[in-house]
Amino acid sequence: MNTNVNLAAARVQKARFYSKIGSRQVSWALSAAGLAAFVGGLILLFFNSSIGYLVLTLAILVLMIKTWQAGELKSLDKEITGQNVEDLLDSRILAKLKSADPSAFDIWVATKDTTERWFFESRYLLHHSIFEELLNKNSGSATAVWQEASKLREKYQTTGWSAAIIIVALLRTIPDIEEGLKRIKIELRDIELGIDWWLSIDRKTQLAHQKKYFGGLARDWAYGYTPTLSYLGRNISEDIQYGGFFTDTKMHSQLVEQMIKSMAGGAQAVTLIGENGVGKTTSVHAFAERILQDGTLPENIRYHQVVTLDAPSLVAQAGRPGELEELVIKMLAEAQKAKNMILFFDDAQAFFGDGAGSVDLGNVLMPALDAGTPKLIFAMTPKQWQNIAADNSNLSSKFQPLQVNPANEEETLDVLRDEILFLEYQKKALYTYQAFHEAYKLAKRYVDNLAMPGAALTVLKTAASSSEDGLVTAEVIKASVESTYGVKLQQATREETDVLLHMEDELHKYVINQKQAVSVIANALRRSRSGVGNPERPVGTFLFLGPTGVGKTELSKALAKVYFGDEKSMIRVDMNQFVSPDDVNRLITPMLGEQLGFLGQVRKQPFSVILLDEIEKAHKNVVNLLLQMLDEGVMRDNDNKPVSFKDSIIIATSNAGADEIRRMIDEGKDIAKLQENLVNTVIEKGIFAPELINRFDEVVVFRPLNQDELIQVIDLIIKDMNKTLDAQKVRVELTQVAKKWLVDKGYDAKLGARPMRRVVQRYVENILAKKLLEQTAGSGSKIELDVKDFEEMKED
Amino acid sequence: MLLSSFLSWWYLSGWGWLAKDIKNRLRAINETFSVSILLRTLFSPWKQIRTPASFHNFFQAAIDNLVSRFIGAIVRIGMLLSALVCLIFVAGIGLVFMIFWPVIPLMLIIFPILSITGTELW
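Calculation notes
Just so you know, the residues in each chain are numbered from 1, in the order the chain's sequence is written. Chains carry letters and ligands carry numbers; both start at the beginning, A for chains and 1 for ligands, and go up in the order they are written. In keeping with the predicted nature of the model, local features appear solely for residues at pLDDT of at least 70, side-chain atom pairs appear and are counted solely at 80 or more, and the whole-chain, interface and lining totals rest on all residues. Hydrogens and water are ignored here; the side-chain numbers use all heavy atoms of the structure. Helical segments are the DSSP runs of H or I of at least four residues, strand segments are the runs of E of at least two, and each set is numbered from the N terminus. Here the globule rule is a power law, 2.2 Å times the number of residues to the power 0.38, and the radius of gyration is based on C-alpha atoms. Think of it in three bands: residues with accessible area under 20% of the maximum for their type are buried, residues over 50% are exposed, and the middle band is partly exposed, with areas taken using a 1.4 Å probe on protein chains only. Residues are treated as being in contact if the distance between any of their heavy atoms lies within 4.5 Å. Surface accessibility follows the Shrake-Rupley procedure with a 1.4 Å probe radius. Residue values consider only the protein chains on display as shielding. Helix span is expected to be 1.5 Å times the residue number reduced by one. By arc we mean the arc of the directions from the helix axis to the C-beta atoms, nothing more. Between any two strands, pairing holds if DSSP finds at least two bridges. Exposure above 30% relative accessible area and the lack of any salt bridge qualify a residue for a patch; like charges then connect within 9 Å, and the nonpolar side chains Val, Leu, Ile, Met, Phe, Trp and Tyr within 5 Å. A pairing counts as a salt bridge when a side-chain nitrogen of Lys or Arg comes within 4 Å of a carboxyl oxygen of Asp or Glu. Charged residues are defined here as Lys and Arg on the positive side and Asp and Glu on the negative side; His and the ends of the chain fall outside this count. Here the site of a charge means NZ on Lys, CZ on Arg, CG on Asp, or CD on Glu. Pairing of aromatic rings covers Phe, Tyr and Trp, the last through its six-membered ring, and needs centres within 6.5 Å; plane angles under 30 degrees mean stacked, over 60 mean edge-to-face, and all others mean tilted. By the criterion adopted, a ring carries a charge over it if an Arg CZ or a Lys NZ lies within 6 Å of its centre and within 35 degrees of its normal. Angles here are taken between N-to-C directions and fall from 0 to 180 degrees, while the axes themselves are lines fitted to C-alpha atoms, restricted in helices to the stretch in contact. What sets the label is the angle itself: under 35 degrees gives roughly parallel, over 145 gives roughly antiparallel, 65 to 115 gives roughly perpendicular, and the rest give oblique. We call a crossing left-handed when the near helix sits turned anticlockwise from the far one by less than a right angle, and right-handed when that turn is clockwise. Amino acids are sorted into nonpolar (Ala, Val, Leu, Ile, Met, Phe, Trp, Tyr, Cys and Pro), charged (Asp, Glu, Lys and Arg) and polar (every other residue, Gly among them). Buried area: the accessible area, evaluated with a 1.4 Å probe, that two parts lose upon being put together, summed over both parts. Polar contact criterion, stated in full: a pair of N or O atoms within 3.5 Å, where within protein one must be able to donate a hydrogen and the other to accept it, and residues adjacent in sequence count only if both atoms are side-chain atoms. For the purposes of this section, nonpolar cores are sets of buried Ala, Val, Leu, Ile, Met, Phe, Trp, Tyr and Cys residues that join through side-chain atoms within 4.5 Å.

*Asks:* Quick one: what's the story with the overall build of chain A, residue by residue and with numbers?
*Replies:* The helix and strand tally for chain A stands at 39 helices and 19 strands. In terms of C-alpha radius of gyration, chain A reaches 37 Å, well past the compact-globule figure of 28 Å for 796 residues. In terms of overall dimensions, chain A has a C-alpha envelope of 135 × 80 × 60 Å along the principal axes. Relative to its 796 residues, chain A shows a buried fraction of 51%. Considering only contacts in chain A between residues 6 or more positions apart, those separated by 24 or more positions represent 75%. Within the structure as shown, chain A displays about 37400 Å² of accessible surface, and the carbon and sulfur contribution to it stands at 50%.

This is how it looks when you write it as structure tokens:
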């Protein structure tokens, strides 16, 4: 291949000429001038003025130029005849090249006015400075660009070197471009995908401008009237015909082919089975479009009209019992008589006694299904299909089931790229490529009521309202998901960073000692928020072992308060309520009557502290269920839908081995040694299975509090009390002796610090209440209590 | 260079392009007026309006259905005639263009001469 550009070649000349006359303004001006010259020339000739011929010459010149433009110049990039640079290069770039041996930078200059340049700049946030600053400006550097363009042309099977190919080829010639692209969180291969994406947009644009035929004016003259159906149903085919071009993707086209094959092959009723969000409705739209446009299809489906029946609106139309059935019978009869109708029952379960109005139209549909006409399409979830198959096997046997599987990542991104133009038009926003990836990633993690690609599309739709300037980037997607699901995804703010860095100090305001426990939790949160931790697992999983009243639950509460907002962010599950095998079902049922079950709460509030209290009391089957949650951060509900725990801190507490801890502490054993021994003991005694213990990030032993620490607990309780008294401007203080007295009274080797609050309540609060009522203490006073106050109280 | 490119297109592939363009326009008329559907369903009942026949109303049903088919045929024939007019019009103009195609570039020379000499072409 000659790497120099032959600027004298015919294609270059044509490209330059077309670049001058091809713009809309020049084209309009030429047309207007040609028409004026034609009319003017004829008028002049009518009045015997020979100048008319000269004027007509102008009209003929315009006619010839316009004809050449339509016949050849417009298609310069579609018909490639040679293999030289001037034969392959996009005609818009070719027209602007000034040198036969340009530099890579010169090619960029010639490319930068193309639509593709704006496409890459806006979709990938690929700023033009990357090209302007990093491209080689020496003549001869184009050779590398042409070589890269050749490789890309071969890879993407394009006709020539389109502007999209040239842009990617230019990038590939920049040394260390991958490093530069990291700043915009993208890789070169992502940008390469833009070639395919642009080709798809180009194809769609051409398709949208193409004249389409839907059978013509007399298409439906041989088919019957359908007044009721037209009134109550929504004619998808009409929407497509008059509302414009509809999208179709690789994913849908496979299913559409199956539907065509089934229906053309004689199947009367087709059932699309797939989870919500997989694209069942979209596939039916694509099917409707296909049978409306493809004149080569068999006559039994060609140009047929697809009408959607929507259960809620039909129920709303039916005023009295039995009217709905009458309406459906009427519509089926009309469709049967009309002979060109295909009825689409979206969310079909609603028609089979499982939805709006609790109607069961199975019996109404049976005669039509027996008669073999009209053609019907149903859409339902696998569970609904199972229900129908179980309840009415006679009915389900008449349906031909077609599975619609959730899209994988590649298919989802493909659908998103296809749908995005429509979405952008609706939302008046512009989505970047990075936003797609983020939407897919986050939808997979947080949207559990929809399958792909519906889940990712929902995230993209929701994010549009979070964007201030209409540009939806990956950061906007994160912000939108954060506000919708209450999780933390964006980079930590300065305020949050402060909390994270001083987490231990904050937690110690609520929990006395237990330094190791506080430290492991603080570290887990820091790992998670800095992106170091594994995002596919829970933020942290901990087993707290220790006697009652040493601060295990308090620490969980404190964590919820300090980092997760407030104590309500803690989801507490008393595992002693899950002691029998039957309790498994209760654990995985998201809704328990009117109340949210455990999984329902996590689904609602994924960013939370989950406290599994007294885990040793749970039944073995329940514990087995928890293993996957601890390992992969996922638990499946009774509908087999996953619930993510990847944003939660899971803390399991247990009193197991409490006596052992006390004994070891009394023997003066080191806490680290104690922990190791205790883990071995609880495994040996069969309290916990090794597989459960191994799934926790850390097993932390809480040691009993000593007297000094209990005094600190008293301080915390008094601090809390003073907060309550703030409203009355009263403050209570205890002498050191009084604190010790309370500790002596409240200390219980078995219950730890737990009785302490009760003792404070009994002595301090009661004395205080009396003083306030007797008005011996009033607003602004400071009440200092000593042992004698308590003893007096005791005597009373 | 540009002129020779233009002339080689005009007298080689341009002519073929014109023929294809005319063919596409004729096809568009055919599609717009549903010519093939009209021919296939020429005697079908109008909008499926039919009286179901039984032993008691055999003759009545036969007459009703005949009327429906007759009305259908009349409307369809009317539509086919309209399509035919359009087809003839477009084909005629296309034919004129096809015939005069080689002459059109020459007019750029002939017309200025006529203008200068003051000769009348007709």
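*Asks:* Describe in detail helix α9 (residues 142-156) of chain A, supporting the description with residues and values.
*Replies:* Residues and elements named next belong to chain A. Its 15 residues give α9 an end-to-end C-alpha distance of 21 Å, which sits within 8% of 21 Å, the value for a rise of 1.5 Å per residue. Buried residues of α9: Ala-142, Val-145, Trp-146, Glu-148, Ala-149, Leu-152, Arg-153 and Tyr-156, and no others. Around the axis of α9, the buried residues are gathered within 165° of arc, so they sit on the same side. Facing away from the buried side of α9, by more than 90 degrees, are the exposed residues Glu-154 and Lys-155. Close packing links the buried residues of α9 with α4 (85-88), α6 (104-111), α10 (163-172) and α12 (188-209). Of the residues one or two after α9, Gln-157 is the one with positive phi, at around 50°.

*Asks:* Quick rundown of the pairing of strand β4 (residues 341-345) of chain A? Include the residues and the values.
*Replies:* Residues and elements named next belong to chain A. Of all five residues that make up β4, five are buried, and the element is covered over most of its length. Neither face of β4 is left uncovered, since the one carrying Met-341, Leu-343 and Phe-345 and the one carrying Ile-342 and Phe-344 both have all their residues buried. Bridging between strand β3 (residues 305-309) and β4 involves five bridges; their strand directions are parallel. Note that in β4 the partner of Val-307 across the bridge is Leu-343. With four bridges connecting them, β4 and strand β5 (residues 375-380) associate as parallel partners. Of the residues in β5, the one forming a bridge with Phe-345 is Phe-378.

*Asks:* Talk me through a positive patch on the surface; I want residue IDs and the actual numbers.
*Replies:* Where like charges cluster on the molecular surface, the positive patch consists of A:Lys337, A:Lys339, B:Arg50 and B:Arg69. Mapped onto the elements of the fold, B:Arg69 is located in helix α4 (residues 58-100). Residue class for B:Arg69 comes out partly exposed when judged on its relative accessible area of 34%.

*Asks:* Can you break down the packing of aromatic side chains residue by residue, with the values?
*Replies:* Tallying each qualifying case throughout the model produces 30 aromatic pairs over all chains. Centre to centre, the rings of A:Trp68 and B:Phe6 are 5.3 Å apart; their planes meet at 70°, and the pair counts as edge-to-face. Placement of the pair is A:Trp68 in helix α3 (residues 51-71) and B:Phe6 in helix α1 (residues 2-11), with the two residues belonging to separate chains. Overall, the relative accessible area of 2% leaves A:Trp68 in the buried class. Between A:Trp741 and A:Tyr763, the ring centres sit 4.9 Å apart and the planes meet at 90°, which makes this aromatic pair edge-to-face. You can see A:Trp741 sitting in helix α37 (residues 736-746) and its partner A:Tyr763 sitting in helix α38 (residues 754-774), a full 22 residues away along the chain. Each member of the pair, A:Trp741 as well as A:Tyr763, is classed as buried. Here the aromatic cluster, defined as three or more aromatic residues joined through ring pairs, consists of A:Phe17, A:Trp68, B:Phe6, B:Trp9, B:Trp10, B:Trp17 and B:Trp101. Sitting over the face of the ring of A:Phe578, A:Arg586 holds its NZ or CZ atom 4.5 Å from the ring centroid.

*Asks:* Please set out the packing of helix α14 (residues 236-243) of chain A against helix α16 (residues 280-293) of chain A residue by residue, giving values where relevant.
*Replies:* Residues and elements named next belong to chain A. As a packed pair, α14 and α16 sit with axes 9 Å apart at the nearest point and diverge in direction by 65°. Of the possible angle classes, the one that applies to α14 and α16 is roughly perpendicular. Handedness of the crossing formed by α14 with α16: right-handed. Judged by residue contacts, Ile-236, Ser-237, Ile-240 and Gln-241 of α14 engage Val-284, His-285, Ala-288, Glu-289 and Leu-292 from α16. Among the residues forming the contact of α14 with α16, the class breakdown is five nonpolar, three polar and one charged.

*Asks:* I'd like a rundown of the interface of chain A and chain B, residues and numbers included.
*Replies:* With 41 residues of chain A in contact, the opposing surface of chain B contributes 42 residues. Of the roughly 3600 Å² buried between chain A and chain B, counting both surfaces, carbon and sulfur atoms make up 71%. Summed over the shared surface of chain A and chain B, the result is one salt bridge. Between B:Arg40 and A:Glu299 there is a salt bridge; the shortest N-O distance is 3.6 Å. The tally of links between chain A and chain B comes to ten residue pairs in polar contact (both at pLDDT 80 or more). At the level of secondary structure, the elements contributing two or more residues to the side of chain A that touches chain B comprise α1 (10-21), α3 and α18 (323-338) of chain A. For the side of chain A that touches chain B, the leading source of residues is α3(A), giving 13 residues. For the side of chain A that touches chain B, the residue count by class is 24 nonpolar, nine polar and eight charged.

*Asks:* Break down the pattern of salt bridges for me, with residues and values.
*Replies:* Residues and elements named next belong to chain A. The full count for this structure, using the stated rule, is 44 salt bridges over all chains. Residue Lys-398 is joined to Asp-370 by a salt bridge in which the shortest nitrogen-to-oxygen separation is 2.8 Å. With a gap of 28 residues between them, Lys-398 in the loop between α21 (393-396) and β6 (399-403) and Asp-370 in helix α19 (residues 362-371) connect regions that are remote in the sequence. Residue class for Lys-398 comes out partly exposed when judged on its relative accessible area of 32%. Residue Asp-370 is classed as exposed on the basis of its relative accessible area, which comes to 52%. A salt bridge links Glu-554 to Lys-557; its shortest N-O distance comes to 4.0 Å. Of the two residues, Glu-554 and Lys-557 are both situated in helix α29 (residues 552-562); the distance of three residues between them amounts to about one turn of the helix. Under the relative-accessibility criterion, Glu-554 is labelled partly exposed at 37%. You can call Lys-557 partly exposed: its relative accessible area is 24%. Here the residues in one salt-bridge network are Glu-148, Lys-151, Lys-155, Arg-172 and Glu-192, joined through shared partners.

*Asks:* I'd like to hear about the sheet that holds β6(A), residue by residue, with values.
*Replies:* Residues and elements named next belong to chain A. The strand order across the open sheet formed by six strands is β1-β3-β4-β5-β2-β6, and the pairing between neighbours is mixed. Looking along the sheet, the strands with just one partner apiece sit at the ends: β1 (234-235) and β6. The strands touched by α18 within the sheet are β3, β4 and β5, with β4 carrying the most contacts at an inclination of about 150°.

*Asks:* So what's going on with the nonpolar core? Residues and values would help.
*Replies:* Residue and element names in this part refer to chain A. Counting 112 residues, the largest nonpolar core has Trp-146, Ile-477, Ile-521 and Leu-559 as its most contacted members. Of all the elements, α10 adds the most residues to this core, at nine residues. Core analysis: the second largest hydrophobic core is formed by 40 residues, Leu-543, Met-575, Val-602 and Ile-615 among them.

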